[in-house]
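A structural walkthrough
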Amino acid sequence: MNMRLFLSPPHMSGKEQQYIAEVFQSNYIAPLGAFVNRFEESIKTYTGTSNALALSSATAGLHLALRVLGVGAGDYVLASSFTFIGSVNAIVYQNAHPIFVDSDESWNISPELLKVAIQKAPKKPKALIITHLYGQVCKLDEIVALCKEEGIWLIEDAAESLGASYRDRQSGTFGDMAVYSFNGNKILTTSGGGMLVSENEAWMAKARFLSTQAKEDTLHYEHKEIGYNYRLSNVLAAIGVAQMEVLDERVKRRREIFALYKKILGENEEIAFMPELENSRGNRWLTTLTFAKTNPKKIIHALEESNIESRPLWKPMHLQPLFAEALCVQDGTSQGLFEQGICLPSGSSMSGEDVVRVCEMIQKELV
Ligand SMILES: Cc1ncc(COP(=O)(O)O)c(C=O)c1O
C-alpha cells in the first residue's frame, strides 16, 4: 500500500526544531516569551496590520473579537453559512443569535443575500463574520461598503486564507478585526494556534487583557470581569516563526497544485473548480471542485481505497442539526455545493506525480 496521501498535512520549513531548541535553552517554555512577540511581528510585517495577538486558536480569536466589539446576549450576528463550525461557535458562546447567509457563484457569502438578511433581521445585526473559503477571498468591495453603510462590524474569518490577497492587500486587513488559524491542516501550522489582528489599538489591548484571564494591572490578582486563558505558548510560537519564513513558497506551491489539477481535469465538462474573484489571488489552501453528475461520495470512497484522503465540501451551517432553529437566508447554493463537491489532497509537500495519480483515479470513476 502507498503511503497515505493526506488532504493537507503539516509541512515543516526545517527551522522549527532549531527555534524550539532556543526556547528550551532560554527556559521560556512558559509563560510567554520572545517567540510569541516574533510571531506577532512576522504576521504584522507580512499582512501589513498594525496589531496582532497570538492565541491558542482562531476560534478563541473570534470569541475575543465578538467580546471586544460588544456582541452579547440577544444580539444578532450575520455569518457565512458555507463554512466550518469554528467560524460561528463564538456567536453562541456569547449567547447571541446567528443569521446564516448563503453563497453565490463565488462560493463565498452573497452580498445580495446579505442585504436581504439585514432587512429580515428581527433587530439590527451588530456584526458580520465572513469566511474566505478554502483560501479564496469574498466579494470584499461590496461587503465592506455594505457594513460601513449599515453600521455593522465586519470580522474576517481568514482562518483558511493566510497569504491570499484582494487588490494586492492581504485577506484579514479589510474588516474591523480578523483571525488566521494555525490549526494542523492549515497552509501553515503551529500544531494548533491562531492570530487576531486589527488596526484598532484599543480593541487589541482589550483582547490581550481578556486573553490572559482579565487580570487587572495590580500586584495581586484582581478581577473585575470574566476573561479566558487563550494565549499561545512560546514553544508553539517558535514553530510559527519558522513557518512564516516559508509562507510565500507555500502559497506558490498550493497554487501550482491547483493549476495542475485544473490542467488535467479542467477540460471535463463534469467538473467545475472553485472560482477565483477578479483582482484577487487566493492561496488555494485546498483544491475544491464540483461534479455535475457523479456522486462525490463514490470518488471519496474510491480514493480512500488507495489510501488517499479527500472530503466533502463543508456542510452549510443552516443545514446543521445544531442550528435547526437559527435564522437563515438561503437559495440552495451552498447545499448544492455540499452535495456535489469535494476537497482534494492539496498539501504543499505533495508531488506532481501524486496529483496525476489522484486525477487518474477520479477520471476512472466519472459517470
Ligand atoms: C473557516 C474556519 N474558521 C475557523 C476555524 C477554526 O480555527 P481553529 O482551529 O484555529 O480554532 C477553521 C479551522 O480550523 C476554519 O477552517
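Residues numbered from 1 in each chain as written. Predicted model: local features only at pLDDT ≥ 70, side-chain atom pairs only at ≥ 80, totals over all residues. Heavy atoms only, no water.

1. A word on the packing of aromatic side chains
Going through the model one piece at a time under the given rule, you end up with 10 aromatic pairs. Centre to centre, the rings of Y134 and W314 are 6.2 Å apart; their planes meet at 5°, and the pair counts as stacked. In this pair, Y134 sits in the loop between β4 (127-131) and α6 (140-150) while W314 sits in the loop between β13 (311-312) and β14 (327-329), placing the two residues 180 residues apart along the sequence. Relative accessible area serves as the criterion here: at 1%, Y134 is assigned to the buried category. Clustering of aromatic rings is evident, with ring pairs tying together F84, Y134, W285 and W314. We note R38 situated over the ring of Y19; from NZ or CZ to the ring centre the distance is 5.2 Å. Directly above the aromatic system of F174 lies the positively charged group of R169, at a separation of 4.1 Å from the ring centroid. (Phe/Tyr/Trp six-rings, centres within 6.5 Å; stacked < 30°, edge-to-face > 60°. Helix = DSSP H or I, 4+ residues; strand = E, 2+ residues; numbered from the N terminus. Buried < 20%, exposed > 50% of the residue type's maximum accessible area, 1.4 Å probe, protein only. Lys NZ or Arg CZ within 6 Å of the ring centre and 35° of its normal.)

2. A short note on the site of the ligand
Neighbouring residues of the ligand: 15 residues in total, closest T59, D157, E160, S181 and K186. D157 places a side-chain nitrogen or oxygen 2.6 Å from a nitrogen atom of the ligand. Residue S181 places a side-chain N or O atom 2.7 Å away from an oxygen atom belonging to the ligand. Contact with the protein chains covers 93% of the free accessible surface of the ligand, which is 380 Å². Residue composition of the shell around the ligand, grouped by class: 3 nonpolar, 9 polar and 3 charged. (Near = heavy atom within 4 Å. Polar contact = N/O pair within 3.5 Å; in protein donor to acceptor, adjacent residues only side chain to side chain. Areas by Shrake-Rupley, 256 points an atom, 1.4 Å probe, with all protein chains shown as cover. Nonpolar A, V, L, I, M, F, W, Y, C, P; charged D, E, K, R; others polar.)

3. Quick look at the pattern of salt bridges
One pass over the structure, following the stated rule, counts 19 salt bridges. Among the ionic pairs, K123 bridges to D75, the shortest N-O distance being 3.7 Å. Of this pair, K123 sits in the loop between α5 (111-120) and β4 while D75 is found in the loop between α3 (58-68) and β2 (76-80), placing the two residues 48 residues apart along the sequence. Using a relative accessible area of 9% as the deciding quantity, one classes D75 as buried. Note that E256 is salt-bridged to R253, the shortest N-O span being 2.9 Å. Placement of the pair is E256 and R253 together in helix α9 (residues 247-265), with a separation of 3 residues, close to one helical turn. Judged by relative accessible area, which is 33%, E256 ranks as partly exposed. Salt bridges sharing common partners tie together E40, R208 and R231. (Salt bridge = Lys/Arg side-chain N within 4 Å of Asp/Glu carboxyl O.)

4. Brief notes about the side chain of T189
Within the fold, T189 resides in the loop between β8 (177-181) and β9 (194-198). Separated by 2.9 Å, the side chain of T189 and the backbone nitrogen of S191 make a polar contact. Each residue touching T189, except ones within four places of it in the same chain, is listed here: P10, M12, F182, N183, G184, I239 and Q243. (Contact = heavy atoms within 4.5 Å.)

5. Here we look at the domain arrangement of the protein
Here the protein is described as being made up of domain 1 (16-244) and domain 2 (247-365). Placing a centre on the C-alpha atoms of domain 1 and another on those of domain 2 gives a separation of 25 Å. Listed per partner, the contact involves 46 residues of domain 1 and 42 residues of domain 2. Of the roughly 3800 Å² buried between domain 1 and domain 2 on both sides combined, carbon and sulfur atoms contribute 66%. Linking domain 1 with domain 2 are 0 salt bridges. Put simply, the parts of the chain that give the side of domain 1 that touches domain 2 at least two residues each are β3 (97-101), α5, β6 (165-166) and α8 (234-244). (Domains from an automatic or database assignment. Buried area = accessible area lost by both parts, 1.4 Å probe.)

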